[in-house]
Amino acid sequence: MHARHAFLRGIVATLPFTLVIAPFGLLFGVAATEAGLDLGEVMGFTILVIAGASQFSAIHLMEEHAPVILVILTSLAINLRMAMYSAALAPHLGEAKRWQHALVAYFMVDQTFVTAETEYRLRPEMSLPAKLAFYAGCSTVLPPLWYLSTLLGAVAGAAIPPEFALDFALPITFLAMIAPALRSLPHIAATLMSVCAALLLAFLPAGMGLLIAAVCAMVTGAQVELFLARRRAA
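Given the structure is predicted, the values throughout are model-derived calculations rather than measurements.

### Considerations on the packing of helix H6 (residues 81–93) against helix H8 (residues 110–122)
With their axes 11 Å apart at the nearest point, H6 and H8 run at an angle of 30 degrees to one another. As judged from the angle between their axes, H6 and H8 are roughly parallel. Here H6 and H8 pass one another in a crossing that is left-handed. When H6 is examined against H8, the residues Arg-81, Met-82, Tyr-85, Ala-88, Leu-89, His-92 and Leu-93 are found in contact with a partner set consisting of Asp-110, Phe-113, Glu-117 and Tyr-120.

Okay, structure coming up:
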């Protein structure tokens, strides 16, 4: 696959996500301005962090006047999945140059990772330049749309009618990404544990329930994986 063809494939593959990224960004722009952030702070937040889930969590915790250390720890815990994403892409992009690694890391969001990892897995014959070009195509669509929609939400958020219900984008985005990834028993076990723990611990203040549920899910997935490995070795 030529690099140009791969680049165009990356653009096309991520187009469906625009249907949820746009309202997701609008919603963050609205939520951040309602929380008291000015336009510069909102855009600095979204460009530097570029991680919607942790951004929403941080805004929610700040509105509840949670301690700064809790805001930071919660955001880091939510973004720990990026380390797992990096490990999954390392066999495909590990030989790239350091500056390319830096760009891949910055533009790594959930949708980009899911799209790229799926493409690499289904097309193992792709060369490194083609893989990088495909990733660049994915990154050409989603991050700029996130920036633009956040800007529109921050500037014109007050004019968006509540009947538009922009908050639908958050759960739908993650459902669309998680469902295809449930390919093994450890994945399913971790997902079920995260859902049950989050619901049972919803009464905890300042998002602590979500933080504990994430840890429980990771431990559950790891234990199920270990159990299956021992069964195969027996």
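### Considering the packing of aromatic side chains
The final tally for this structure, using the stated rule, is 8 aromatic pairs. A centroid spacing of 5.4 Å and a plane angle of 65 degrees characterise the contact between Phe-24 and Trp-146, whose relative ring orientation is edge-to-face. With Phe-24 in helix H2 (residues 18–34) and Trp-146 in helix H9 (residues 128–156), this residue pair connects regions lying 122 residues apart in the sequence. With respect to burial, Phe-24 and Trp-146 carry one shared label: buried. For the pair Tyr-85 and Phe-113, a centre-to-centre distance of 4.1 Å together with 5 degrees between the ring planes defines the contact as stacked. Taken as a pair, Tyr-85 in helix H6 and Phe-113 in helix H8 lie far apart in primary sequence, 28 residues in all. An aromatic cluster is built from Phe-24, Phe-28, Phe-45, Phe-56 and Trp-146, whose rings are joined through pairwise contacts. Its end group placed over the ring of Tyr-120, Lys-131 keeps NZ or CZ at 5.7 Å from the ring centre.

### Overview of the environment of Gly-40
Mapped onto the secondary structure, Gly-40 falls in helix H3 (residues 39–49). Taking the relative accessible area as the measure of exposure, Gly-40 reaches 53% and is therefore exposed. Separated by 114 residues in the primary sequence, Gly-40 and Ala-154 place their C-alpha atoms 9.8 Å from one another.

### A few points about the side chain of Thr-115
For Thr-115, the position within the fold is in helix H8. If near-sequence neighbours (up to four positions away) are discounted, Thr-115 is found in contact with Ala-13, Thr-14, Phe-17, Phe-134 and Cys-138.

### Here we look at the side chain of Lys-131
Structurally, Lys-131 can be placed in helix H9. Of the side chains with opposite charge, Glu-125 lies nearest to the buried Lys-131, which makes no salt bridge, at 8.7 Å. If we skip the residues at most four places from it in the chain, Lys-131 touches His-92, Leu-93, Tyr-120 and Met-126.

Rules of the game
Residues numbered from 1 in each chain as written. Predicted model: local features only at pLDDT ≥ 70, side-chain atom pairs only at ≥ 80, totals over all residues. Heavy atoms only, no water. Axes fitted to C-alpha atoms, helices over the stretch in contact; angles between N-to-C directions. Helix = DSSP H or I, 4+ residues; strand = E, 2+ residues; numbered from the N terminus. Parallel < 35°, antiparallel > 145°, perpendicular 65-115°, else oblique. Left-handed = near helix turned anticlockwise from the far one by under 90°. Contact = heavy atoms within 4.5 Å. Phe/Tyr/Trp six-rings, centres within 6.5 Å; stacked < 30°, edge-to-face > 60°. Buried < 20%, exposed > 50% of the residue type's maximum accessible area, 1.4 Å probe, protein only. Lys NZ or Arg CZ within 6 Å of the ring centre and 35° of its normal. Lys, Arg positive; Asp, Glu negative; His and termini not counted. Salt bridge = Lys/Arg side-chain N within 4 Å of Asp/Glu carboxyl O.

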